[in-house]
Amino acid sequence: GGSSSSSCADLAVVELWAGETTVGSAAGCGIKLSAKEGVSKHHCMLRYHPGRQRWQVKDLGSANGTFQGADRLPSGEWFTLGRHADSDQLLPLRVGRASLEFEVGERSPPRELGAVDSSPATLQSGFEINP
């Protein structure tokens, strides 16, 4: 055998907002990955749960699975994404053979919007919501 010295995996860095985002290889997906990476057309779904302030993922019955660490997530159930112990960063999610890494920082979803419609809305930084 031979070990490859390349430690640089293919990571797609994704910015997410409240609401549900579909991950898959189909054209209409919010996060589009290559089918060559073993990604199903509609592979999994991501959402932010404002009440719990948690990111969640649900596998949509994908062929090659959605993994957090070594664990394959059962299909059809919402799971909370794990976080690094020493920081607030979310652990990467493996979708087929592709890896998704999440940037959740200053631009994490606003907590005071209440129910979010599926209608697209752009929030500028410094945007204030009056009571």
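Criteria and cut-off values
Residues numbered from 1 in each chain as written. Predicted model: local features only at pLDDT ≥ 70, side-chain atom pairs only at ≥ 80, totals over all residues. Heavy atoms only, no water. Helix = DSSP H or I, 4+ residues; strand = E, 2+ residues; numbered from the N terminus. Buried < 20%, exposed > 50% of the residue type's maximum accessible area, 1.4 Å probe, protein only. Areas by Shrake-Rupley, 256 points an atom, 1.4 Å probe, with all protein chains shown as cover. Pairing = 2+ DSSP bridges. Contact = heavy atoms within 4.5 Å.

Section: the overall build of the chain
Line of reasoning, step 1. Secondary structure summary: the chain contains zero helices and ten strands in total.
Line of reasoning, step 2. For the chain, the sequential pattern of α-helices and β-strands runs β-β-β-β-β-β-β-β-β-β.
Line of reasoning, step 3. Taking all 131 residues of the chain together, 31% fall into the buried category.
Line of reasoning, step 4. When the accessible surface of the chain is summed, it comes to about 8,700 Å², and 46% of that surface belongs to carbon and sulfur atoms.

So, the pairing of strand β2 (residues 19–24)
Every regular strand shows the same layout, with side chains that alternate between the two sheet faces.
Line of reasoning, step 1. Of the strand pairs in this sheet, β2 and strand β4 (residues 44–49) are connected by five bridges, and their pairing is antiparallel. Within the sheet, the bridge partner assigned to V23 lies in β4 and is C44.
Line of reasoning, step 2. Examined bridge by bridge, β2 and strand β3 (residues 31–32) share two bridges and lie parallel to one another. By the bridge assignment, G24 is partnered in β3 with K32.

Let's talk about the sheet that holds β2
Line of reasoning, step 1. The sheet built from five strands is open, its strands ordered β3-β2-β4-β5-β8 with mixed pairing. Each edge of the open sheet carries a strand with a single partner, namely β3 and β8 (78–80).
Line of reasoning, step 2. As paired elements, β4 and strand β5 (residues 54–59) share six bridges and run antiparallel to each other. If you follow R47 over to β5, its bridge partner there is Q56.

A look at the side chain of Q56
Line of reasoning, step 1. Secondary-structure assignment places Q56 in strand β5.
Line of reasoning, step 2. When residues no more than four places from it in sequence are discounted, the contact partners of Q56 are M45, L46, R47, H49, W78, F79, T80 and L81.

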